Amino acid sequence: MSYQLYRNTTLGHTLQESLDELIQYGQITPQLGSKVLLQFDKSINQTLATRVKSRLTFKAGKLNTYRFCDNVWTFMLNDVEFREVQEVTRIDKVKIVACDGKNVGDEGSSKK
């Protein structure tokens, strides 16, 4: 199973809206729309895990809340500083959702 987190991005929303429109006009079936979304989930997770090489560090002034549920960490941070090489960005409030990336590529493999 791939995480569906990226459906809530601009790209994911746009894809869902386009698929809904195609379904509404009868150009594709709802089943095909679901298959496309599942492939999007699988592809975006795999691509981010294997092709993104940049690193980013961050430091928070305050950890407001944190939660761990169903192998997903959620952090609510205040006064956060993000740093990438020479570039620094400061944000008042940030929500970070972190999932176990090791499970993403295991879809077709059997457990031993």
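Below you will find a few notes about this structure. (Residues numbered from 1 in each chain as written. Predicted model: local features only at pLDDT ≥ 70, side-chain atom pairs only at ≥ 80, totals over all residues. Heavy atoms only, no water.)

### Comments concerning the sheet that holds strand 3 (residues 87–99)
Argument step 1. Spatially, the three strands line up as an open sheet ordered 1-2-3, and their pairing is antiparallel. The open sheet has two edge strands with one neighbour each: strand 1 (57–69) and strand 3. Going from strand to strand, the sheet's axes swing by 10° on average, the running direction of each strand aside. (Pairing = 2+ DSSP bridges. Helix = DSSP H or I, 4+ residues; strand = E, 2+ residues; numbered from the N terminus. Axes fitted to C-alpha atoms, helices over the stretch in contact; angles between N-to-C directions.)

### Describing the packing of aromatic side chains
Argument step 1. Summed over the entire model, instances satisfying the criterion amount to four aromatic pairs.
Argument step 2. Aromatic side chains Phe68 and Trp73 sit 4.7 Å apart centroid to centroid with 40° between the ring planes, which places their arrangement in the tilted category.
Argument step 3. The partly exposed category is assigned to Trp73, whose relative accessible area is 35%.
Argument step 4. Ring centres of Trp73 and Phe75 lie 5.5 Å apart, and the angle between their planes is 10°; on these two criteria the pair is classed as stacked.
Argument step 5. An aromatic cluster of three or more residues is present, and its members are Tyr66, Phe68, Trp73 and Phe75. (Phe/Tyr/Trp six-rings, centres within 6.5 Å; stacked < 30°, edge-to-face > 60°. Buried < 20%, exposed > 50% of the residue type's maximum accessible area, 1.4 Å probe, protein only.)

### Some remarks on helix 2 (residues 30–51)
Argument step 1. Taking 1.5 Å per residue as the helical rise, helix 2 with its 22 residues ought to reach 32 Å, and the 31 Å between its terminal C-alpha atoms agrees with that figure.
Argument step 2. Where helix 2 is concerned, the buried positions are Gly33, Leu37, Phe40, Asp41 and Asn45. One face of helix 2 carries all of its buried residues, which in axial projection span an arc of 110°. Residues of helix 2 that are exposed and angled more than 90 degrees away from the buried face: Gln31, Lys35, Gln46 and Arg51.
Argument step 3. Packing partners of the buried residues in helix 2 comprise helix 1 (10–24). (Expected span 1.5 Å × (residues − 1). Arc of directions from axis to C-beta. Contact = heavy atoms within 4.5 Å.)

### A word on the environment of Ile44
Argument step 1. If you trace the backbone, Ile44 turns up in helix 2.
Argument step 2. It is 9.6 Å that separates the C-alpha atoms of Ile44 and Arg7, two residues lying 37 residues apart in sequence.

### So, the pairing of strand 2 (residues 72–84)
Argument step 1. Relative to strand 2, strand 1 runs antiparallel, the two sharing eleven bridges. Across the sheet, residue Tyr66 finds its bridge partner in strand 2, namely Phe75.
Argument step 2. Hairpin connection from strand 1 to strand 2: two residues lie between these consecutive antiparallel strands, with Asp70 at a positive phi of about 55°.
Argument step 3. Pairing of strand 2 with strand 3 involves twelve bridges; the strand directions are antiparallel. In the sheet register, Phe75 faces strand 3, and the bridge partner there is Ile96.
Argument step 4. Once strand 2 ends, the chain turns through two residues before running back antiparallel as strand 3, passing Val85 with a positive phi of about 50°.

### A closer look at the packing of helix 1 against helix 2
Argument step 1. Running from amino to carboxyl end, helix 1 crosses helix 2 at an angle of 165°, the nearest separation of the two axes being 9 Å. Viewed along their axes, helix 1 and helix 2 adopt a mutual orientation that is roughly antiparallel. In the packing of helix 1 onto helix 2, the handedness of the crossing is right-handed. Together, Leu11, Gly12, Leu15, Gln16, Leu19 and Ile23 of helix 1 and Pro30, Gly33, Val36, Leu37, Phe40 and Ile44 of helix 2 make up the contact between the two elements.
Argument step 2. Class assignment for the residues of the contact of helix 1 with helix 2 results in nine nonpolar, three polar and no charged. (Parallel < 35°, antiparallel > 145°, perpendicular 65-115°, else oblique. Left-handed = near helix turned anticlockwise from the far one by under 90°. Nonpolar A, V, L, I, M, F, W, Y, C, P; charged D, E, K, R; others polar.)

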